Amino acid sequence: MALARSGATVERDRLRASFDGVWGDLAGVGRDPRSGGYDRFSWTGVDLGLREWFVAEATRRGLEVEVDRNGNQWAWWGAPADGAVVTGSHLDSVPGGGAFDGPLGVVSALLAVDALRASGLAPERPLAVVNFVEEEGARFGLACLGSRLMTGAVDAGHALSLTDDDGTSLADAMSAAGHAPEHVGLDEAALARIGVFVELHVEQGVHLTLGEESVGVASAILPHGRWHFCFEGEGNHAGTTRLVDRHDPMLPFAEAVGAARRLADEAQAVTTFGRVRVDPNGTNAIPSRVDAWLDARGADEVGIVRLVDDLRRVAEEAAAGHGVRLTVTNDSFTPVVEFDASLSDRLRSSLGAASIAAPTLPTAAGHDAGILAARVPTAMLFVRNPTGISHSPHEHADASDCVDGVEALTVVLRDLLTESLEVVSDRGVPAEAAR
Ligand code: GLV
Ligand code: MN
Ligand code: MN
C-alpha cells in the first residue's frame, strides 16, 4: 500500500514540476551548443525572443504587461499603481554566460505569483514582476543600463550614444527593435510605482555552500567600476619593422595587466581585464590600437579609486616608453550599496516565521537592485551555488535549491503584499506612497 503523501510534499512536487517546465522553456534560448554558454544581449533577436517569452508567461497568468520608457518590462498582478511590491531581475547574459544569473530571479518571481494566487491570497497592493534591460552591459558596455536610465544614474543622451562592437548605437538598436528611444531617461513615474523591490539571484560565490542553508539575504554590494584603457600606437609589418622602430600598444597593455594584478593584491581588491579589442587583430601585423576594459572591485571605495590611479600611472609610463598614447575613461562606478536594513530585517523575520533560516551575506557582484537602492527600499535573496562559479557556462544551482528560493520569495512577498509597508519606507518613498 502506498504511503499517503503530505500536502506539503505534494505542493513541493508541483512547484518542482512547474520550475522544471518553465526553466526548460528557456534552456535553449541563446545557448551555444558547443560551449553550453549563453549569449543573450539586449535588443538582439535572442533578447526579443526572451522578451516575447516574458510577455507570453505574463499573459498566460492574466498579468498585464507594460514596457516603461527605458524598455524594462513589467508584468502586473493587480492594476498598476504607486507603492507596489516589485520583484524580478534580468534576462540578458554576459558573453558565454550561465543560465541562472538573471533568469532565476524572473522565473522565481513568476512562480511565486502562481503560488500566492493558488493560496487564495488577497493582496493589499499590486505586485509587478520586472525584467530589466541589459543588466550585464554586455552589448553597450554599461552595466545595469535599464535601471541606471530609470533612476537617472546615467545621462540619457550619453547612454543612447553608446555603441556595440559593430558600431550600432543604443538608440539605433532600440529603434530597430521597435522601442522609441526619444523617451529614454529618468522615469519618476516608474520609480513611484515601486514601494519595495526584492530581487532573487543565484549566489555568485560560495558563502552559502560553506554553510548549511540554501537561501540567504544580501547585506551589501561592494563598490565596483569599469574603466576603458585605450592604447594607440602605430600599425606596421610584424616581420620587417625593427624592434626599435615599433610603437606597439600591446606592450604597455601587457604591463598594465600585470600591474593590475599586483596592485589588486596590495589593495586587497580584485581587478580583471576581461575584454580586449585589438586593431587590426592580425597575426602578422603590429597592432595600431588596443582597447581594454578594467573591472575593479573591493571593500574599500577609496582604495579602488587609488588603485586605478596607480594603475593609470604605471600604464602611462609604460605607454610613454613605447611611444604609445594612452587614454583612460571611467565608464561606470557604483559606490558601496547597503541594502535597506529594515526591509532586510523584515525578510529575515518573515522567513524565520516560516522556519526558513537565511544567513546574511555581502556580494561583490553588481545588480539592478543595487542601482534602485539609491531611490527605493530594496533587498535581495540569494540562492546557493554549489561551486560559486558564475559568468560562465558552468554556473549552476540545484533545482531543489531553486525551489527553496521560490518558496522563500513567496513567503517574503506574501508578507509585503498583506502587511503595511510603512516600516520599510526609510529610503526614497514616503510612507503614504508606499501604502
Ligand atoms: C554583474 O553581474 C556584475 O557583477 O558585473
Ligand atoms: Mn551577472
Ligand atoms: Mn545578474
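Keep in mind that what you see is a predicted model, and the values were worked out from it rather than measured. (Residues numbered from 1 in each chain as written. Chains lettered and ligands numbered in written order. Predicted model: local features only at pLDDT ≥ 70, side-chain atom pairs only at ≥ 80, totals over all residues. Heavy atoms only, no water.)

**Points about the nonpolar core**
Point 1. Counting residues in each nonpolar core, the largest one holds 55 residues, and the members touching the most others are Phe19, Trp53, Leu104 and Leu381.
Point 2. In terms of residue count, the dominant contributor to this core is helix α12 (residues 399–418) (11 residues).
Point 3. Contact partners of Leu104, with chain neighbours within four places excluded, come to Phe19, Trp23, Leu200, Val202, Val383 and Cys402.
Point 4. Of all hydrophobic cores here, the second largest spans 25 residues; its members include Val278, Ala292, Ala319 and Val324. (Core = buried A, V, L, I, M, F, W, Y, C linked by side-chain atoms within 4.5 Å. Buried < 20%, exposed > 50% of the residue type's maximum accessible area, 1.4 Å probe, protein only. Helix = DSSP H or I, 4+ residues; strand = E, 2+ residues; numbered from the N terminus. Contact = heavy atoms within 4.5 Å.)

**Regarding helix α3 (residues 103–118)**
Point 1. Here α3 spans 23 Å end to end across 16 residues, near enough to the 22 Å set by a 1.5 Å rise per residue.
Point 2. Here α3 lies mainly inside the structure; 12 of its 16 residues are buried.
Point 3. When we look at burial in α3, the residues that qualify are Pro103, Leu104, Gly105, Val106, Val107, Ser108, Ala109, Leu110, Leu111, Ala112, Val113 and Leu116.
Point 4. Looking at the residues trailing α3, positive phi occurs at Gly120, about 80°. (Expected span 1.5 Å × (residues − 1).)

**Focus: the confidence of the model for the protein chain**
Point 1. In this model, the protein chain carries a mean pLDDT of 95, and residues with pLDDT of at least 70 account for 96%.
Point 2. Contacts of residues 428–435 to residues separated by more than four positions or lying in other chains number 23 contacts, the stretch itself having pLDDT below 50. (pLDDT = per-residue confidence, 0-100.)

**Here we look at the sheet that holds strand β12 (residues 325–334)**
Point 1. In space, the four strands of this open sheet follow the order β9-β11-β7-β12, with antiparallel pairing throughout. Each edge of the open sheet is held by one strand with a lone partner, namely β9 (269–279) and β12. Here the strands of the sheet are splayed against their neighbours by 15° on average, with no regard to which way each runs.
Point 2. Sheet topology places β9 next to strand β11 (residues 289–298); 10 bridges connect them, and they run antiparallel. Looking at the pairing, Val270 lines up with Arg297 of β11.
Point 3. Each of β7 (224–232), β9 and β11 touches helix α8 (residues 250–267); the most contacted strand, β9, lies at about 170° to it.
Point 4. Sitting on the sheet, helix α9 (residues 301–321) touches β7, β9, β11 and β12, and the angle it makes with β12 is about 165°. (Pairing = 2+ DSSP bridges. Axes fitted to C-alpha atoms, helices over the stretch in contact; angles between N-to-C directions.)

**Section: the pattern of salt bridges**
Point 1. By the definition in use, this model includes 25 salt bridges.
Point 2. Across the pair Arg375 and Glu188 runs a salt bridge, and its minimum N-O distance is 2.9 Å. Here the residue Arg375 occupies a position in the loop between α11 (368–372) and β15 (378–383), and Glu188 occupies one in helix α7 (residues 188–192), the gap between them amounting to 187 residues.
Point 3. Of the charged contacts in the structure, one is a salt bridge between Arg261 and Asp265, with a shortest N-O distance of 3.8 Å. Note that Arg261 and Asp265 are positioned in helix α8 at a spacing of four residues, about one turn of the helix. We note that Arg261, like Asp265, is exposed.
Point 4. Salt bridges sharing common partners tie together Asp165, Glu232, Arg275, Arg277, Arg289, Asp291 and Arg325. (Salt bridge = Lys/Arg side-chain N within 4 Å of Asp/Glu carboxyl O.)

**Comments concerning the site of ligand 1**
Point 1. The local shell around ligand 1 consists of Asp101, Glu135, Glu136, Arg297, Ala365, Gly366 and His391.
Point 2. Within the side chain of Glu136, one N or O atom sits 3.2 Å away from an oxygen atom of ligand 1.
Point 3. Gly366 places a main-chain nitrogen or oxygen 2.7 Å from an oxygen atom of ligand 1.
Point 4. Within the complex, 94% of the 190 Å² of free accessible area of ligand 1 lies under protein.
Point 5. Taken together, the residues that form the shell around ligand 1 break down as one nonpolar, two polar and four charged. (Near = heavy atom within 4 Å. Polar contact = N/O pair within 3.5 Å; in protein donor to acceptor, adjacent residues only side chain to side chain. Areas by Shrake-Rupley, 256 points an atom, 1.4 Å probe, with all protein chains shown as cover. Nonpolar A, V, L, I, M, F, W, Y, C, P; charged D, E, K, R; others polar.)

**With respect to the coordination of the manganese ion (ligand 3)**
Point 1. Protein coordination at the manganese ion (ligand 3): the donors are His90 (NE2), Asp101 (OD) and His201 (NE2), at 2.0 to 2.2 Å from the metal.
Point 2. In the primary sequence, the donor residues of the manganese ion (ligand 3) line up as H-x10-D-x99-H.
Point 3. In this structure, the manganese ion (ligand 3) lies 3.7 Å from the manganese ion (ligand 2), and both are coordinated by Asp101. Taken together, the residues span a long stretch of sequence, with His90 in strand β3 (residues 84–90) and His201 in strand β5 (residues 194–202) at a distance of 111 residues. (Donors = N, O, S within 2.8 Å, 3.2 Å for Na, K, Ca; no water.)

**Considerations on the packing of aromatic side chains**
Point 1. Summed over the entire model, instances satisfying the criterion amount to 10 aromatic pairs.
Point 2. For the ring pair Trp23 and Phe100, a centre distance of 5.0 Å and an interplane angle of 35° mean the geometry is tilted. Within this pair, whereas Trp23 is found in helix α1 (residues 7–26), its partner Phe100 is found in the loop between β3 and α3, the two being separated by 77 residues in sequence. Each member of the pair, Trp23 as well as Phe100, carries the same accessibility label: buried.
Point 3. One aromatic cluster is present, formed by Trp74, Trp76, Phe132 and Phe197 through successive ring pairs.
Point 4. When the ring centre of Trp293 is taken as reference, the NZ or CZ atom of Arg275 above it lies at 3.8 Å. (Phe/Tyr/Trp six-rings, centres within 6.5 Å; stacked < 30°, edge-to-face > 60°. Lys NZ or Arg CZ within 6 Å of the ring centre and 35° of its normal.)

**As for the coordination of the manganese ion (ligand 2)**
Point 1. Coordination sphere of the manganese ion (ligand 2), protein contribution only: Asp101 (OD), Glu136 (OE), Glu136 (OE) and His391 (NE2), at 2.0 to 2.7 Å.
Point 2. Mapped onto the sequence, the residues coordinating the manganese ion (ligand 2) show the spacing D-x34-E-x254-H.
Point 3. We classify Glu136 as buried; its relative accessible area is 7%.

**A closer look at the packing of helix α2 (residues 45–60) against α3**
Point 1. Viewed as axis vectors pointing N to C, α2 and α3 meet at an angle of 10°, and their least axial separation amounts to 11 Å. Compared by their axis directions, α2 and α3 come out roughly parallel. In this structure, α2 uses Trp53, Phe54 and Glu57 to contact α3, whose residues at the interface are Val106, Val107 and Leu110. (Parallel < 35°, antiparallel > 145°, perpendicular 65-115°, else oblique.)

**Topic: the packing of α1 against α2**
A pair of packed helices is characterised by two quantities: the angle between their axes and the separation of those axes.
Point 1. Running from N to C, α1 and α2 point in directions that differ by 150°, and their axes come no closer than 11 Å. Classified by the angle between their axes, α1 and α2 sit roughly antiparallel to one another. Between α1 and α2, the residues in contact are Val22, Asp25 and Leu26 and Leu50, Trp53 and Glu57, respectively.

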